Amino acid sequence: MIFRTTALAAALLFCACAHAAQDIPGQDVSDIPARQWQPFWAKRETGYIKTADGTELRYSALLPATSGKFPVLVRYSGYDSGSIGGSAYLADDETFSVDLDKQLVALGYAVVGVQARGSGCSQGTFDFLGPAYGTDGRDAVEFVAKQAWSNGKVGMFGWSWSGMSQLMTASERPASLKAIAPGMVLGDARGDSWAPGGVPAPEFVTGWHWYLAQRWAAVKASAQSENDSRCLAQLARNEAEIGKHALTYQLIRHPLRDEWTEQRNIRSRTHRIQVPVLSFEAWQDEAVMAREGYYHETLKPEQLWTVQTNGPHDIYEATRFRDKLVAFFDHFVKGEGNGFDKTAHVEIWQETTSPKRDTPHDLNETATPGWVIERPRLPLDITPLRFALAGDGKLLENGQPSGEPDEYTYPVAGPDVNTYEEDNAWGAQKPGWKDGSLAYTSAPLQRDVLGYGTASADLWLSTPMGPDMDVQVTLTQLLPDGQEVFVQRGWLRMSSRKLDDHKSTALRPWRLDTPDAVEPMLPDTPTLGRVEIPPFSHPFRAGSRIRIWIDAPGRTGGYGFDTFALPARPKLLHDAEHPSALVLGELKGVAIPKAQPACDSLLKQPCRPDPLK
């Protein structure tokens, strides 16, 4: 799908792609027919939830029958959740999945949308992931549990912003909350999204505010059709006030990790969660990326079930995942003895494809893994696999570094990958790329390797200028036929390289990322920078080769970076004194199917001809 904008193409941050063909300014109107819905609920109820501080949040409840008491599933976000069931929703002008809501209502659940404070028709001040977001969620859960149509058992579901709300709400431990199913979240907003590896990424949040305005336009359309004057008046106030609290404004005020950013670090509170959790992660997620703050590590392994896959942000819509989601809620919310608690806690989808890609909904709903790995629970036993960087662009498995330093021109951005303008695709090489990037490639593998989890590119760099530079590392697989497959990308601002030695491992550098930890580069002084490559799972088959590219940050998904711009000719050293290396995690004991999937069939893992040939 081709889009015509650049800076505002990030507009789909934290959103479903249902309107990807229409929600980016400056492009042609899509000719994809929109879905149309008829009311599938027996009764709809709308109103307001009064929180502990008196702020009133808009909600909309879709009930499966006109009488009776039902288990309740809540979706809570700042998009248009408080207006589900309205006219825009029935026209499929909805952030998330109407089809999923319909499935849940048909199974006897009351589906309730709750609007975050300061958004849509809800009162209060807009404060993305601010402290009140969790306490408001707690109040909302207890409110719906006490309604005449509720049986008192509440779960929460959804992805993106509505996934983050679940983690923040569950950390407040509402008594009526029985289970949550968050997908595709920011566990640590700064480390995951606002400045991955310490490199500011302002394009994303800029476009996101444009997208948020479009979602509130859907709220307005529904309110107008219902003659809801209260909603319209509050929406107008929120639209007038949001500029004072926009993320674009806040991130300029808070360029480094400080108290404000730490208040929005969800990981810092997820250890308080006590209910069962079903998580869904997408390795090449174009909206929140793959780190998710590593919040899973703060939960008890016995309370966490997780599904992991290659693919996009909205793959939560996949019908295969929805089968698991329903079984999870049927067990922990309805109380059915369906044996879900005895199932494997880790399900890793490998080489996921979609047989139908006519619309974004089709792509997500039909997403199907080529094969699946199951493990009893996290953490998995991962073996570090070390490749030394050496002269002549070589990666040597268990080898020794050697050769003279390699120079390159900085900053030349690496090629775009998976942007909103051209999704599931590599972009063209940038002018000057041959002199502005370095590539290191292994020999053909003698065995199958299942790469899993985080990786670390440990690079010794020097620059004649200082005091800083930004590094991008792109991990790829080079197939025997000469095609190159995208696997994952990571970034590092070298002044942000200082690590927490207690948390860092061979496979994951853990940056301190505090103002006091900033360390400028000194001119012509070799400096070790460990670049964190976010989690992935990918089979490198025997006969294929592993490659890394090193250059300046390029646009990836919805992310465009504010790169340190002082031109220089840095050097990458790889000798005995400066042992640059790539360290991958290997999940052993996996039988990898022999057949390599067709190029460009894997979701978010595009192919291209080897540029070095």
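Residues numbered from 1 in each chain as written. Predicted model: local features only at pLDDT ≥ 70, side-chain atom pairs only at ≥ 80, totals over all residues. Heavy atoms only, no water.

1. Remarks on the packing of aromatic side chains
- Applying the stated criterion across every chain, the model contains 34 aromatic pairs.
- Look at Trp305 and Phe340: their rings are 5.4 Å apart centre to centre, the planes differ by 50°, and that puts the pair in the tilted class. In this pair, Trp305 is assigned in strand β8 (residues 304–309) and Phe340 in the loop between α10 (319–332) and β9 (346–350), connecting sequence segments 35 residues apart. In this structure, Trp305 and Phe340 share a single accessibility class: buried.
- In this arrangement the basic side chain of Arg320 is found over the ring face of Trp349, its NZ or CZ atom lying 5.8 Å from the centre.
- Over the ring of Trp426 we find Arg608, and its NZ or CZ is 3.7 Å from the ring centre. (Phe/Tyr/Trp six-rings, centres within 6.5 Å; stacked < 30°, edge-to-face > 60°. Helix = DSSP H or I, 4+ residues; strand = E, 2+ residues; numbered from the N terminus. Buried < 20%, exposed > 50% of the residue type's maximum accessible area, 1.4 Å probe, protein only. Lys NZ or Arg CZ within 6 Å of the ring centre and 35° of its normal.)

2. A few points about the UniProt feature "domain: Xaa-Pro dipeptidyl-peptidase C-terminal" (unreviewed entry) in the protein
- Per the UniProt record, "domain: Xaa-Pro dipeptidyl-peptidase C-terminal" (unreviewed entry) is annotated on residues 326–583.
- Counting secondary structure, residues 326–583 comes out at 7% helix and 35% strand; the distance between its end C-alpha atoms is 38 Å. (UniProt positions renumbered as here; feature names shortened; annotations may be inferred.)

3. Here we look at the side chain of Asp551
- For Asp551, the position within the fold is in strand β19 (residues 545–551).
- There is no salt bridge for the buried Asp551, and the closest opposite charge comes from Arg489, which lies 5.5 Å off by N-O distance.
- Every residue in contact with Asp551, bar those within four places of it in the chain, is listed here: Tyr408, Val412, Gly414, Pro415, Gly436, Ser437, Asp470, Val471 and Gln472. (Lys, Arg positive; Asp, Glu negative; His and termini not counted. Salt bridge = Lys/Arg side-chain N within 4 Å of Asp/Glu carboxyl O. Contact = heavy atoms within 4.5 Å.)

4. Notes on the pairing of strand β5 (residues 150–159)
- Of all ten residues in β5, seven are buried; the element is thus mostly enclosed.
- The pairing of β5 with strand β6 (residues 177–183) spans six bridges and is parallel. When the bridges of β6 are listed, Gly158 appears paired with Pro182.
- Running through helix α4 (residues 161–170), the crossover from β5 to the neighbouring parallel element β6 is right-handed. (Pairing = 2+ DSSP bridges. Right-handed = clockwise from strand over helix to strand, strands pointing away.)

5. Some thoughts on helix α6 (residues 202–225)
- Given a rise of 1.5 Å per residue, 24 residues ought to cover 34 Å, and the 36 Å separating the end C-alpha atoms of α6 matches this to within 8%.
- Directly after α6, the chain includes Asn227, whose backbone phi takes a positive value near 55°. (Expected span 1.5 Å × (residues − 1).)

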